[in-house]
Every structure is written in structure tokens, then in C-alpha cells.
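Structural characterization, general
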Amino acid sequence: MRILVTGSSGHIGSAVAARLAREAEVVGVDLKPGPRTTHVGDIADRAVAHAALRKVNAVVHTAALHAPHVTSVSPHEFHRTNVEATRTLLELAKDHGVTRFVLTSTTSVYGCTTRAGGGTVWVTEALAPNPEDIYDRTKLAAEESCRAGASNTVSTVTLRVSRCFPEPPHLVAFYRMFRGVAREDVAEAHARGALIPLTGSVLLNISAQTPFVPEDVDALAVDPWSVVERRVPGLRAAFERRRWPLPPRIDRVYTIDSAKQLLGYAPRHGVLELLRDDAA
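A short tour of the structure in this document, coming up. (Residues numbered from 1 in each chain as written. Predicted model: local features only at pLDDT ≥ 70, side-chain atom pairs only at ≥ 80, totals over all residues. Heavy atoms only, no water.)

Focus: the packing of helix H3 (residues 75-95) against helix H4 (residues 134-149)
At a minimum axis separation of 9 Å, H3 and H4 run at an interaxial angle of 15°. It follows that H3 is roughly parallel to H4 by the angle criterion. The hand of the H3/H4 crossing is right-handed. The segment H3 lies against H4, with Pro75, Phe78, His79, Asn82, Val83, Thr86, Arg87, Leu90 and Lys94 engaging Ile134, Tyr135, Thr138, Lys139, Ala141, Ala142, Ser145, Cys146 and Gly149. (Axes fitted to C-alpha atoms, helices over the stretch in contact; angles between N-to-C directions. Helix = DSSP H or I, 4+ residues; strand = E, 2+ residues; numbered from the N terminus. Parallel < 35°, antiparallel > 145°, perpendicular 65-115°, else oblique. Left-handed = near helix turned anticlockwise from the far one by under 90°. Contact = heavy atoms within 4.5 Å.)

Details of the pairing of strand E7 (residues 155-161)
The element E7 is largely enclosed, with a buried count of seven among its seven residues. Every second residue of E7 is oriented toward a common face, with Ser155, Val157, Leu159 and Val161 on one face and Thr156, Thr158 and Arg160 on the other, all of them buried. Inspection of the sheet shows strand E5 (residues 100-106) paired to E7 by seven bridges, in the parallel sense. Residue pairing across strands places Arg100 opposite Ser155, the latter belonging to E7. As paired strands, E7 and strand E8 (residues 201-206) are joined by six bridges and run parallel to one another. Within E8, the position partnered with Val157 by the bridge is Val202. (Buried < 20%, exposed > 50% of the residue type's maximum accessible area, 1.4 Å probe, protein only. Pairing = 2+ DSSP bridges.)

Quick word on the side chain of Arg176
Within the element layout of this structure, Arg176 appears in the loop between helix H5 (169-175) and helix H6 (183-195). This buried residue, Arg176, is left without a salt bridge; Asp185 holds the nearest opposite charge, at 5.8 Å. In contact with Arg176, not counting residues within four places along its chain, are Val181, Ala182, Ala208, His269, Gly270, Val271 and Leu274. (Lys, Arg positive; Asp, Glu negative; His and termini not counted. Salt bridge = Lys/Arg side-chain N within 4 Å of Asp/Glu carboxyl O.)

Points about the nonpolar core
Among soluble globular proteins, nonpolar side chains are generally buried collectively. In terms of nonpolar packing, the biggest core is built from 30 residues, with Ile3, Val5, Leu20, Val60, Leu159, Val161 and Tyr265 touching the most fellow members. Elements with a minimum of two residues in this core: strand E1 (2-6), helix H1 (11-20), strand E4 (58-61), E7, H6, E8 and helix H10 (257-263). Beyond its immediate chain neighbours, meaning those up to four positions away, Leu20 contacts Ile3, Val5, Val26, Val60, Ala191, Ala194 and Leu195. Counting residues in hydrophobic clusters, the runner-up holds 20 residues, among them Val29, Val59, Leu89 and Val98. (Core = buried A, V, L, I, M, F, W, Y, C linked by side-chain atoms within 4.5 Å.)

Some remarks on the environment of Ala15
Along the chain, the position of Ala15 falls in helix H1. Each C-alpha atom of the pair Ala15 and His190 lies 9.7 Å from the other, and the pair is 175 residues apart in sequence.

Description of H4
Since one α-helical turn is 3.6 residues long, residues separated by three or four positions face the same way. Over its 16 residues, H4 extends 22 Å from the first C-alpha to the last, a length consistent with the 22 Å expected when each residue adds 1.5 Å. Buried within H4 we find Ile134, Tyr135, Asp136, Thr138, Lys139, Leu140, Ala142, Glu143, Ser145, Cys146 and Gly149. On the buried face of H4, the contacting elements are H3, E5, E7 and E8. Sitting at the amino-terminal end of H4 is Asp133, which places a side-chain oxygen 3.1 Å from the backbone nitrogen of Tyr135. (Expected span 1.5 Å × (residues − 1). Polar contact = N/O pair within 3.5 Å; in protein donor to acceptor, adjacent residues only side chain to side chain.)

Structural notes on the pattern of salt bridges
Inspection of every chain in the model, using the stated rule, returns 16 salt bridges. A salt bridge links Glu91 to Arg46; the nearest nitrogen and oxygen atoms lie 3.2 Å apart. Note that Glu91 is positioned in helix H3 and Arg46 in helix H2 (residues 46-52), a separation of 45 residues in sequence. Take Glu91: its relative accessible area is 40%, and that puts it in the partly exposed class. Judged by its relative accessible area of 39%, Arg46 falls in the partly exposed class.

Limitation: the analysis is restricted to geometry and does not speak to function.
Here's what the structure looks like:
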């Protein structure tokens, strides 16, 4: 099997390409060189895309502009990179006989920070998006292209990935409980999205396994550490031993039941594993 990974030199794309290389021949496209990047160029360039798609069975499209670019990149460039490039790549992929198209999207599209009510939001894929900026809007438009582009010959999988970028250890540990995910688990989810038999168009949240349940949401908004102590005994003490701050509120919880059911997704790097690694 031959799989194209766009953004193959990036933070997520490089991990996805390395994971897929265990089971398939990987073709990588990125603006920058990398260990799995076989084509250095802009995937929005039709000539680059045509060359990379030769004899490809599946596409994993991670290349995009992201939230940190909002203040430095024009809305036009966001639309060109995140929307137009996705549409063109999907169109060309169909012409090349590709049968699976996986899009990396973001849980940012749910826009939990600006939702009315002030409580904790329990986030399944059924929650209506509430885009907050050009990044969210263009990722939603790319998602719509994938939904509309699914057919009898090509299935599409959109993965809304939660917080997955380098940051201080205390934040990684805190977010891993409810709105963060390890890069290794993201790579595994993408590999499963590319390889597991599916039909039509599928939309899935990808995050770490939360220890919380829906009945916790009221308390999480006002006294999250009482809930943490009940669900993960000893975690508060682990934070205090490290002199890490205890953030006062948990405003959202991303759930992954659909990904577990459809992909067999089973994240291995939750908060407890993270703390064990930190203590080793």
C-alpha cells in the first residue's frame, strides 16, 4: 500500500508518516525537508500534488496553517492553504484512484471559550461548531469539502485533534485530562483512519482518554480538583509535589467514544502515563 502524507516534516505529519511507514510505503510532501519527505514543495501546487499522488492508495492531509499563524498570515492565505488546497488535493486524489482521504482538523472549531453559559462543555461530535477565528472557519470549510467529497469510490475521515503541541510539563499534564493528546496517539489515530475499512464520511474527535464522566460537568466548572481527586486519586498530590499550579477551572471535556468504536482507537498516553514518564 502507498500512502501520501502532506505536511510530512511537521509536528503531527512527521509522526504520522513514521507510524504509517511500519505498514505502508509513505510518500511525503512538505515545504521543508524531513526524514519522510520525498517531495519538497507546496501541496497547493497542482504539479506537486500530481507527482506525489502517483500510484497512491490513500492520502493523509495534515498540512495546514494553524492558530499561531492567525496574527501573522492573511485571511486570503489561510483560505488558499487550508481550504483551496484541500479541495484541489481531494479532487486530484479521486482522479488518481485514491480510495481513502484523511483530513487533520482541530477541536478548536467547537469554540468552547466563547460559548454562553459559563459551564463546562461536554464535547462530542454532535456539538455544533462555534468558530472563533479564520483558522477555525477555514478548517470547517475543509471539513465540509471532505464531507461533500465522499462517494462510492472514496471515503473520507476527518479527525478533530485536541491540544497537541509542545508546552510546559504542568500544562501538558493538566490538559491531558480533558483537552490534550500525545503526538504518538494522534499518529496512531491517523494510521487507523487511513487503514481501517470505512465507508462514507466520518468525523471523529481525537484526544486522550478523559477520566471524567458527563455527570461531572457542573463540579468541573467550579471545583475541578475535587472531581480530579475522586476520579484520579493522588493526582493533585502529584501536582503539588512538583510545585505545579492547580488551574481553577476545567471549561470543556473532549470525548472519544466514536473514535474508539469506529477506529479501535485506544490512546496510551494519558495523564498517569505522562506522570510516570516524568518521574522515571
